[in-house]
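Each chain is listed here by its residues.
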Amino acid sequence: MTQDQGELDSLVRKRIRALRVAQGWSLDELATRAQLSPSTLSRIETGRRRLALDQLVTLARALDTSLDQLVETATDDVISSPMIDAAHQLMRWPIRADPGMTVVRQRMTNPPPDNPSRMRAHPGREWLVVLSGTAVLLLGNRRFRVETNQAAEFPTMLPHAIGAEGGPCEILGIFDRDARRSHQRGEGSGDVSRPAP
């Protein structure tokens with residue numbers, strides 16, 4: 001076994017244990033889900049048993065992940081820099097692991113629109129957290145105040161708009177592929193943010 005193979009072997013074993021612990025499962029619980037004996041699973045985690053491909057596939061399914069994610073080693077691109085959109089006062093980061101997702105940081109100074117016709121609806125989901133200040137989220141017929149460190153998540157098929165209340169606020173938003181595309185087409189007037197294409 002080469003050094004690289006040994007490092008991958010060790011990483012996969014640690015990842016299996018870490019995923020099991022993160023789920024709050026005992027060896028017995030994961031073994032049952034993976035249709036393995038607890039002693040086999042224990043030997044896999046501790047390195048006393050060879051990793052077999054069929055067992056890795058079964059364990060990946062039981063841990064609700066993919067085989068690719070279980071054996072992934074790429075860590076070269078850990079740090080990324082934002083793309084700046086000065087016109088809309090925002091920064092945007094693509095999520096490498098899911099190219100359909102985008103993270104946006106935006107400073108808002110205007111209140112939400114007072115005209116319901118300026119609220120937008122489009123396919124997708126959005127999640128945002130207020131980093132500082134207070135935001136007002138208009139969602140359908142409801143109005144929500146979102147304070148610093150509070151988050152909101154909503155389907156964007158509901159008419160929505162967001163703005164600042166009582167001074168500037170900064171938000172960090174996560175857009176799925178559909179929501180990002182809608183904002184990029186310029187449908188975002190009054191929306192959470194308008195990521196540049």
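First things first, this report covers the structure right here in the doc. In this text the structure is predicted, and so the values were computed from the model without any measurement.

Some points on the pattern of salt bridges
Note that side chains of opposite charge can pair when their charged atoms are close.
Right, on to step 1. The tally for this structure, following the rule as stated, stands at 7 salt bridges.
Right, on to step 2. Ionic pairing is found between R13 and D9, a salt bridge with its closest N-O pair at 2.6 Å. Within this pair, R13 and its partner D9 are both found in helix α1 (residues 3-23), separated by 4 residues, close to a single helical turn.
Right, on to step 3. Residue D9 is classed as buried on the basis of its relative accessible area, which comes to 19%.

Examining the sheet that holds strand β8 (residues 160-164)
Right, on to step 1. On the basis of which strands lie adjacent, the open sheet formed by 3 strands has the order β6-β5-β8 and antiparallel pairing. A single partner strand is all that each edge strand has here, and the edge strands are β6 (142-146) and β8. In this sheet, neighbouring strand axes are inclined to one another by 20° on average, regardless of whether the strands run parallel or antiparallel.

Description of the pairing of strand β5 (residues 135-139)
Right, on to step 1. Of all 5 residues making up β5, 5 are buried, and the element is well covered by its neighbours.
Right, on to step 2. Burial along β5 is two-sided: the face carrying A135, L137 and L139 and the face carrying V136 and L138 are both buried.
Right, on to step 3. Pairing of β5 with β8, which is carried by 5 bridges, proceeds in the antiparallel orientation. Across the sheet, V136 pairs through a bridge with G163, a residue of β8.

Looking at helix α4 (residues 53-62)
Right, on to step 1. Among the residues of α4, those classed as buried are Q55, L56, L59, A60 and A62. For α4, the angular spread of buried residues about the axis comes to 160°, placing them on one side. The exposed residues of α4 that point more than 90 degrees off its buried face are L53, D54 and R61.
Right, on to step 2. D64 sits one or two positions beyond α4 and adopts a positive phi of about 60°.

Brief notes about the sheet that holds strand β4 (residues 125-132)
Right, on to step 1. Strand order in the open sheet formed by 6 strands is β1-β2-β3-β9-β4-β7, and the pairing between neighbours is antiparallel. Two strands in the sheet have a free side with no partner beyond their single neighbour: β1 (83-85) and β7 (151-155). On average, adjacent strands in this sheet sit at an angle of 20° to one another, irrespective of strand direction.
Right, on to step 2. Of the pairings in the sheet, the one linking β1 to strand β2 (residues 90-94) comprises 3 bridges and is antiparallel in character. Its bridge partner being in β2, M83 is matched across the sheet by R92.

Observations concerning helix α3 (residues 38-46)
Right, on to step 1. Of the residues making up α3, those classed as buried are T40, L41, S42, I44 and E45.
Right, on to step 2. Note on α3: the residue one or two positions beyond its end, G47, has a positive phi of about 85°.

Concerning the pairing of strand β3 (residues 102-108)
Right, on to step 1. Counting buried positions along β3 gives 5 out of 7 residues, so the element sits mostly inside the fold.
Right, on to step 2. Where β2 meets β3, 5 bridges bridge the pair, whose relative direction is antiparallel. The residue of β3 that forms the bridge with R92 is V104.

Conventions and cut-offs
Residues numbered from 1 in each chain as written. Predicted model: local features only at pLDDT ≥ 70, side-chain atom pairs only at ≥ 80, totals over all residues. Heavy atoms only, no water. Salt bridge = Lys/Arg side-chain N within 4 Å of Asp/Glu carboxyl O. Helix = DSSP H or I, 4+ residues; strand = E, 2+ residues; numbered from the N terminus. Buried < 20%, exposed > 50% of the residue type's maximum accessible area, 1.4 Å probe, protein only. Pairing = 2+ DSSP bridges. Axes fitted to C-alpha atoms, helices over the stretch in contact; angles between N-to-C directions. Arc of directions from axis to C-beta.

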